[in-house]
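A closer look at the structure
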Amino acid sequence: MSKLFKWILLCVCIELCGGDIRFTNIKCTEFHPDFATFPQCRLKMVKRGVVALNIHVALHQLPVNNVSVNVSLWKKVSGYRPFLYNVTEDFCKFLRNRKKIPFLKIVSDILLKDSNINHTCPFNHDIIVNNLILKEEMFKYLPLPNGEYMFQFKVGAYNDWKADVRAYFAVRLKFVFTWASTSQMFPALEGENRR
């Protein structure tokens, strides 16, 4: 590779240098209070810049062995608009084979580690999500551009929607632009020139 070409080929590297993904709001709505209620549905400030989600769903008709979920992702653009995903699935079947629907698997991986819904049906206890904190590595398979988003979870049992949970969050990633020569970008090419 000629030296002239090396000097001409200066590249701009974009490096991800941290950022911020955090909850901004939560709204829980119960459609049938005789079936389930929300004693707790709130965000808690753990420390500066870190927000934890806490939800407690009290189930009043146990056991529950027929659960359906609708999970959708919305982006705020002059109001919230549907963004890429809207999946409805039998949750009991999904828990038996979590690899079946990739988007639902990503969302369940985020949710299940801080909750007590890590088993298949039937559910014979209250549902609790405790101190769920969003982190960048949770979204490595679901890259999102900067902006404000909403996960909407509709939960149904016995072919009837019972509750709606809307978790609002913001993605603010910071990028740094740096200049790099070809030898920094492609160290293997530098070795070829020495031969």
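Within every chain, residues take consecutive numbers counted from 1 along the sequence as written. Local features are withheld for residues below a pLDDT of 70 in this predicted model, meaning they are given only at 70 or higher, and side-chain atom pairs are given and counted only at 80 or more; totals for whole chains, interfaces and linings count all residues. To obtain the side-chain values, all non-hydrogen atoms of the structure were included, while hydrogens and water were left out.

1. Regarding the side chain of Asn70
Secondary structure elements are taken from DSSP: a helix is a run of H or I of four residues or more, a strand is a run of E of two residues or more, and numbering for both begins at the N terminus. Locating Asn70 in the fold gives a position in strand 4 (residues 67-76). As used in this structure description, the phrase polar contact means that two N or O atoms lie within 3.5 Å; if the pair is within protein, one of them must be able to donate a hydrogen and the other to accept it, and residues adjacent in sequence are counted only when both atoms belong to side chains. In terms of polar contacts, Asn70 uses its side chain to reach the side chain of Thr88, at 2.6 Å. Those residues in contact with Asn70, other than ones at most four positions away along the chain, are Asn86, Val87, Thr88, Gln152, Phe153, Lys154 and Trp161. The contact definition used throughout considers only heavy atoms, calling two residues in contact when any of these lie within 4.5 Å.

2. Quick notes on empty space enclosed by the protein
In this analysis the probe radius is 1.4 Å and the grid spacing 1 Å, with only protein atoms considered; a cavity is a set of points the probe fits into but cannot get out of, a pocket is an open set with protein on both sides within 12 Å along at least five of seven lines, and lining residues have an atom within 4 Å of a point. Grid points are joined across faces, edges and corners, and a volume is the space filled by probe spheres set on the points. Applying the stated criterion across every chain, the model contains one cavity of 30 Å³ or more. Around the largest cavity, the lining comprises 37 residues; the ones closest to its centre are Leu111, Ile117, Ile127, Phe153 and Val155. Among the secondary structure elements, those contributing two or more residues to the lining of the largest cavity are strand 1 (11-30), strand 2 (36-47), strand 3 (50-59), strand 4, helix 3 (102-112), strand 6 (127-133), strand 7 (147-157) and strand 8 (161-180). By residue number, the principal contributor to the lining of the largest cavity is helix 3, which donates six residues. Of the residues belonging to the lining of the largest cavity, the class tally is 34 nonpolar, two polar and one charged. The nonpolar class holds Ala, Val, Leu, Ile, Met, Phe, Trp, Tyr, Cys and Pro. Asp, Glu, Lys and Arg form the charged class, and all remaining residues, Gly among them, are polar.

3. Side note on the confidence of the model for the chain
For the chain, per-residue confidence averages 84 on the pLDDT scale, and 80% of positions sit at 70 or higher. Long-range and interchain partners of residues 4-17, a stretch whose pLDDT sits below 50, account for 34 contacts in this model, where long-range means more than four residues apart. On a scale of 0 to 100, pLDDT captures the predictor's confidence in every residue.

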